[in-house]
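Inside the fold
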Amino acid sequence: MGFQKKKLDDSGVITRNKEKLVANGYKQEEGIDYDETFAHVARLEAMRLLLAFACMHGFKLFHMDVNSAFLNGIVTEEIFVSQPPGFKDHLHPNHVYKLKKVLYGLKQDPRQWYERLSSFLLSHQYERGKIDKTLFIKKI
């Protein structure tokens, strides 16, 4: 349930401990969100065409890389996870947590993040690409 990573400098000295909560997605059952796993990924052909077209016409392009993108997705169905080590409630050790936001490792992560991002962009006058659904265009 937890993921721990040590960040080292060039000489191998630990400079920072990183830890994040990760859901164990291997307990998923067939028939319950089993076939709904997907992630929108920009097609290489579409990216090449976009870059060539933007270069020819002097367009300004923006790219974003969100470090904690999946943590910004909002859960739309009921998902429960067991208590992770170090966060166990000693008064209620058999209780589970109900998620309000997604965790790394959930099968729903990519879909929830894409839905939240695309709703935001569409509400701000961007248009979704007709061929590549990961491309959003704003006409000024």
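Note that the structure is a prediction, hence the values are computed from the model and not measured.

**Remarks on helix α1 (residues 44-57)**
Residue pairs spaced three or four apart in an α-helix point in one direction, given the helix's 3.6 residues per turn. The first and last C-alpha atoms of α1 sit 20 Å apart over 14 residues, in line with the 20 Å expected at 1.5 Å per residue. Of the residues flanking the end of α1, it is glycine 58, one or two places downstream, whose phi is positive at about 70°.

**As for the packing of aromatic side chains**
The full count for this structure, using the stated rule, is two aromatic pairs. Where phenylalanine 53 meets phenylalanine 59, the ring centres are 5.6 Å apart and the plane angle is 65°; that geometry is what we call edge-to-face. Given the relative accessible area of 44%, phenylalanine 53 is considered partly exposed. Between tyrosine 114 and phenylalanine 136, the ring centres sit 6.4 Å apart and the planes meet at 45°, which makes this aromatic pair tilted. A residue pair is termed long-range when its members are at least 10 positions apart, and tyrosine 114 in helix α2 (residues 109-123) and phenylalanine 136 in strand β6 (residues 136-137) qualify at 22 residues.

**Here's the deal with the side chain of serine 118**
In this structure, serine 118 sits in helix α2. Since its relative accessible area comes to 5%, serine 118 is described here as buried. In terms of polar contacts, serine 118 uses its side chain to reach the backbone carbonyl oxygen of tyrosine 114, at 2.8 Å. In this structure, serine 118 is in contact with Arg128 and Phe136, ignoring residues within four places of it in sequence.

**Thoughts on the confidence of the model for the protein**
Mean pLDDT over the protein stands at 76; residues scoring 70 or higher make up 72%. Averaged pLDDT values over the elements of the protein bottom out at 60 in strand β1 (residues 2-8) and peak at 91 in strand β5 (residues 127-128).

**Examining α2**
The end-to-end C-alpha distance of α2 is 21 Å, a good match for the 21 Å that 15 residues give at a rise of 1.5 Å each. Looking one or two residues past α2, glutamine 125 carries a phi angle of roughly 65°, positive in sign.

**Some remarks on the environment of glutamate 45**
Relative to the elements of secondary structure, glutamate 45 occurs in helix α1. Residue glutamate 45 is classed as partly exposed on the basis of its relative accessible area, which comes to 48%.

Reading the values: the criteria
The residue count restarts for each chain, going from 1 along the sequence in the order it is written. Only residues with pLDDT of at least 70 are given local features in this predicted model, and only at 80 or more are side-chain atom pairs given and counted; all residues enter the totals for whole chains, interfaces and linings. The side-chain numbers reported here are obtained from all heavy atoms of the structure, hydrogens and water having been left aside. We count a stretch as a helix when DSSP gives it H or I for four or more residues in a row; a strand needs E for two or more, and each element gets its number in order from the N terminus. Expected helix span is taken as 1.5 Å per residue step, with the number of steps being one fewer than the number of residues. Between 30 and 60 degrees the pair is tilted, below 30 it is stacked and above 60 it is edge-to-face, where a pair is any two Phe, Tyr or Trp rings, Trp via its six-membered ring, whose centres lie within 6.5 Å. Only protein chains enter the area calculation, which uses a 1.4 Å probe; residues under 20% of their type maximum are buried, those over 50% are exposed, and those in between are partly exposed. Whenever two N or O atoms come within 3.5 Å, that pair is a polar contact, provided that in protein one can donate a hydrogen and the other can accept it, and provided that, for residues adjacent in sequence, both atoms are side-chain atoms. In this description, contact between two residues means that some pair of their heavy atoms is separated by no more than 4.5 Å. Confidence scores labelled pLDDT are given residue by residue by the predictor and lie between 0 and 100.

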